[in-house]
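Given next are the chains, with one letter for each unit.
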Amino acid sequence: MKAVVLHEYGGPDKLKYEDVPDPVATEGQVLVRVAATSVNPIDFKMRSGAAKDLFPLEFPAILGWDISGIVRELGPGVTQFKPGDRVMAVASHAYAELVAVPAKDLALVPDKLDLVKAAALPLVTRTGEQLITQGTKIQAGQTVLVSGAVGGVGRSAVWTAKKAGAKVIAGVKKSQVKEAATLGADQVLALDDAAAIDKLGFIDAVADTVGGETAQKLLGKVKQGGVFASVLGPPANAKMHPTVRIEPIQSKPDAAGLRIMAEDVAAGRLVIPIDRMVPLADAGEAQSAAEKGGIGKILLLA
């Protein structure tokens, strides 16, 4: 099969489109013919070596965490799927034409959801949902601020918090305020507007997807006994706020939760924008574009 292979840490040019051996579905696994995968920030952090303390690589390595595709073969012990099923998952080594995935991590793609576009959903929806349900544990009537709310993870967090009955503040850049108005949040706050942050009162929780100085400022807005949940680890000033519970979140596969979010997307209740679709062979260029920032996901067509 063809795959995008990384032989050493470095820039996007280190990603090579090569022939590699086909994976084999072992006990409890399903072999999936990938229709598409997507680019996530963790991908280029792993490629550059910036994430090697958390995610060390053994070279040669195949990156990627999202797949959508068609079931090709079932490994021993798998009975809940059949060849030809349309599936999606958070799965490792996703920048490839074939991926062997634990059956427990696979979800069926809803009938009304485009198979290729489904590749945009697994990691961001799982991360956003778990940031709220396992991180903030926000309850109905409480207030949570979601930073980076127009990103895929942020949108998923906003949607999850609204479904829980919380009051949601969408934290974005000034340039994204108009876009954020479409998210269904109760309030939109420009996080690069110092005066706006100063006016923000104390809140029950923050669901952080941006980190850095913004996270440090927002931590000071969480009330005593509140929660600061983040996908980027504790803010640098965490020790200055001992009464706030810090909850680092690293998402985990969850097929049932993924299916629910995918149904919301299929019904138009949740939108995860797609910026562009490019061939898998152009993964290096896609990562380079993604590193420059933007709202929509970049899909790699396998």
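It should be noted that the structure appears before, not after, this text.
Residues numbered from 1 in each chain as written. Predicted model: local features only at pLDDT ≥ 70, side-chain atom pairs only at ≥ 80, totals over all residues. Heavy atoms only, no water.

Topic: the overall build of the chain
Alright, step 1. Within the chain, the secondary structure is distributed over 8 helices and 16 strands.
Alright, step 2. Over its C-alpha atoms the chain spans a radius of gyration of 19 Å, differing by no more than 12% from the 19 Å that the globule rule assigns to 302 residues.
Alright, step 3. For the chain, buried positions account for 51% of its 302 residues.
Alright, step 4. A sequence separation of at least 24 residues applies to 62% of the contacts in the chain between residues at least 6 apart.
Alright, step 5. As displayed, the chain has an accessible area near 13500 Å², and 53% of this comes from carbon and sulfur atoms.
Alright, step 6. Once the 34 positive and 33 negative side-chain charges of the chain are each reduced to a mean point, those two points are 6 Å apart. (Helix = DSSP H or I, 4+ residues; strand = E, 2+ residues; numbered from the N terminus. Rg over C-alpha atoms; globule rule 2.2 N^0.38 Å. Buried < 20%, exposed > 50% of the residue type's maximum accessible area, 1.4 Å probe, protein only. Contact = heavy atoms within 4.5 Å. Areas by Shrake-Rupley, 256 points an atom, 1.4 Å probe, with all protein chains shown as cover. Lys, Arg positive; Asp, Glu negative; His and termini not counted. Charge placed at Lys NZ, Arg CZ, Asp CG, Glu CD.)

A look at unusual backbone geometry
Alright, step 1. Cis geometry marks the peptide bond from phenylalanine 59 to proline 60; its omega dihedral reads -5 degrees.
Alright, step 2. Examined against the element boundaries, proline 60 turns out to sit in the loop between helix 1 (41-48) and strand 4 (61-62).
Alright, step 3. We note that histidine 93 has phi near 60 degrees; this positive angle belongs to a residue other than glycine.
Alright, step 4. With respect to the helices and strands, histidine 93 occurs in the loop between strand 6 (86-90) and strand 7 (98-102).

Some thoughts on the layout of surface pockets
Alright, step 1. Space inside the second largest pocket adds up to approximately 170 Å³.
Alright, step 2. Contributing to the lining of the second largest pocket are 13 residues, with Met46, Leu57, Ala61, Ile62 and His93 lying nearest its centre. (1 Å grid on protein atoms, 1.4 Å probe; cavity = no way out; pocket = protein on both sides within 12 Å on 5 of 7 lines; lining within 4 Å. Points joined across faces, edges and corners; volume = space filled by probe spheres on them.)

Structural notes on the packing of helix 2 (residues 122-136) against helix 3 (residues 152-163)
The geometry of a pair of packed helices is captured by two quantities: the angle between their axes and the separation between those axes.
Alright, step 1. Remark: helix 2 packs on helix 3, axes separated minimally by 7 Å, with the N-to-C direction vectors making an angle of 45 degrees. When the axes of helix 2 and helix 3 are compared, the pair comes out oblique. The two elements helix 2 and helix 3 cross, and the hand of that crossing is right-handed. Along its contact with helix 2, which presents Val124, Thr125, Thr127, Gly128, Glu129, Leu131, Ile132 and Thr133, the element helix 3 presents Gly152, Val153, Ser156, Ala157, Thr160 and Ala161.
Alright, step 2. When its residues are assigned to classes, the contact of helix 2 with helix 3 shows 6 nonpolar, 7 polar and 1 charged. (Axes fitted to C-alpha atoms, helices over the stretch in contact; angles between N-to-C directions. Parallel < 35°, antiparallel > 145°, perpendicular 65-115°, else oblique. Left-handed = near helix turned anticlockwise from the far one by under 90°. Nonpolar A, V, L, I, M, F, W, Y, C, P; charged D, E, K, R; others polar.)

Observations concerning the environment of glycine 11
Alright, step 1. When you line up the elements, glycine 11 lands in the loop between strand 1 (2-6) and strand 2 (15-19).
Alright, step 2. Remark: the alpha-carbon pair of glycine 11 and glutamine 130, spanning 119 residues in sequence, is separated by 31 Å.

Overview of helix 2
Alright, step 1. If you check helix 2, its first and last C-alpha atoms are 20 Å apart, about what 15 residues at 1.5 Å a residue would give, namely 21 Å.
Alright, step 2. A bend of about 30 degrees at glutamine 130 is the largest found in helix 2.
Alright, step 3. Counting buried positions along helix 2 yields 13 of 15 residues, so the element is predominantly enclosed.
Alright, step 4. Trailing helix 2 by a residue or two, lysine 137 shows a phi angle of about 50 degrees, which is positive. (Expected span 1.5 Å × (residues − 1). Bend = angle between axes of the 7 residues up to and from the residue.)

Considering the pattern of salt bridges
Alright, step 1. Throughout the structure, instances matching the rule amount to 16 salt bridges.
Alright, step 2. In this structure, arginine 155 and glutamate 179 form a salt bridge, with 2.6 Å as the shortest nitrogen-oxygen distance. Separated by 24 residues along the polypeptide, arginine 155 in helix 3 and glutamate 179 in helix 4 (residues 177-180) bring together distant segments of the chain.
Alright, step 3. Classification of arginine 155 as buried rests on a relative accessible area of 5%.
Alright, step 4. Overall, the relative accessible area of 31% leaves glutamate 179 in the partly exposed class.
Alright, step 5. Close ionic contact of lysine 162 with aspartate 186 constitutes a salt bridge, the shortest N to O distance being 2.9 Å. (Salt bridge = Lys/Arg side-chain N within 4 Å of Asp/Glu carboxyl O.)

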